[in-house]
Every structure is written in C-alpha cells, then in structure tokens.
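# Breakdown of the fold
Listed below, chain by chain, are the residues.
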Amino acid sequence: MNIDEYIRFDDINKQFTIPSGTYSYSDVVRVSVLNEKAKGKGIPFTAILPSGPLPFGILQDPYLFVGVKVVLKDETVLAIYISKEKTMVNTDQYIQDRKVAEKIKEVMKNVCKI
C-alpha cells in the first residue's frame, strides 16, 4: 500500500506535504479518518457520515468520499481525500480507501508524536 500519492513525509525538516501545502509535524494536534458526504466541496468534513451501516431512510444519496482530517494547532482543518471517485460503505473501493486512510493516520500519529 503506497501512501506517497497522497502525502509525503520529510523527516529531516519534520514536515509533510499534501496537495494543499507543506506543514510542520509539530503543528498537528489531531488526525482522524472520516467519510464525507459526496456533495459539493466546501469546508472539509462538515458533512460526515458513519463508517457502518446507515439507518434506513437517512440518506437518499449514500455516496461518500473517504479522507483523513488533520487539525493543526491554530484550528486549521486539512483534508487528505483518498477516494478518487465517490463510493459507498462496504464496497471494495471503500474498504481499500479506508485501509489507505488508516495507514496515513497511523504514520502521521507516529511522526507527529500525537
């Protein structure tokens, strides 16, 4: 599982780079894997969905994107979207995307010491 297409770690300078920019390991306070409802992109992770089965009738459009939410000390929210296409819970794509997201979370927690 290669996470380099989503995030690059620079252990010498203690920084990571994602499509939105380069950030310091020491600025990270929280990392989580979330499902975001597949509607128009706005502020990251404001429309999140559970990772398990959804109650009947809760959604008419159950599509989502899997991503990693990174919160910095200044409360900036960074989004690392893993899903290239919208997906649904428990599909092969969803399961693979969750595995990649969980790996990124695990590595970030280790290098950022959180």
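The text that follows walks through the structure, step by step, so that each part is easy to find. (Residues numbered from 1 in each chain as written. Predicted model: local features only at pLDDT ≥ 70, side-chain atom pairs only at ≥ 80, totals over all residues. Heavy atoms only, no water.)

### Some thoughts on the sheet that holds strand 1 (residues 8-10)
Strand pairing in a sheet takes place through backbone hydrogen bonds and is either antiparallel or parallel in direction. Ordered by their spatial adjacency, 3 strands build an open sheet running 1-2-3, and the pairing between neighbours is antiparallel. Single-partner strands in this sheet number two, and they are strand 1 and strand 3 (21-24). Taking the axes of each pair of neighbouring strands and ignoring which way they run, one obtains an average angle of 25 degrees across the sheet. Of the strand pairs in this sheet, strand 2 (residues 15-18) and strand 3 are connected by 4 bridges, and their pairing is antiparallel. In the strand pairing of strand 3, I18 is matched with G21. (Pairing = 2+ DSSP bridges. Helix = DSSP H or I, 4+ residues; strand = E, 2+ residues; numbered from the N terminus. Axes fitted to C-alpha atoms, helices over the stretch in contact; angles between N-to-C directions.)

### With respect to the nonpolar core
With 26 residues, the main nonpolar core has F16, V70, I80, I104 and M108 as its most contacted residues. Taken together, the elements giving at least two residues each to this core come down to strand 2, strand 4 (28-37), strand 6 (64-72), strand 7 (77-81) and helix 1 (92-111). Apart from residues lying up to four places away in sequence, I80 is in contact with Y6, I7, I18, V66, G67, V68, V70, I104 and M108. (Core = buried A, V, L, I, M, F, W, Y, C linked by side-chain atoms within 4.5 Å. Buried < 20%, exposed > 50% of the residue type's maximum accessible area, 1.4 Å probe, protein only. Contact = heavy atoms within 4.5 Å.)

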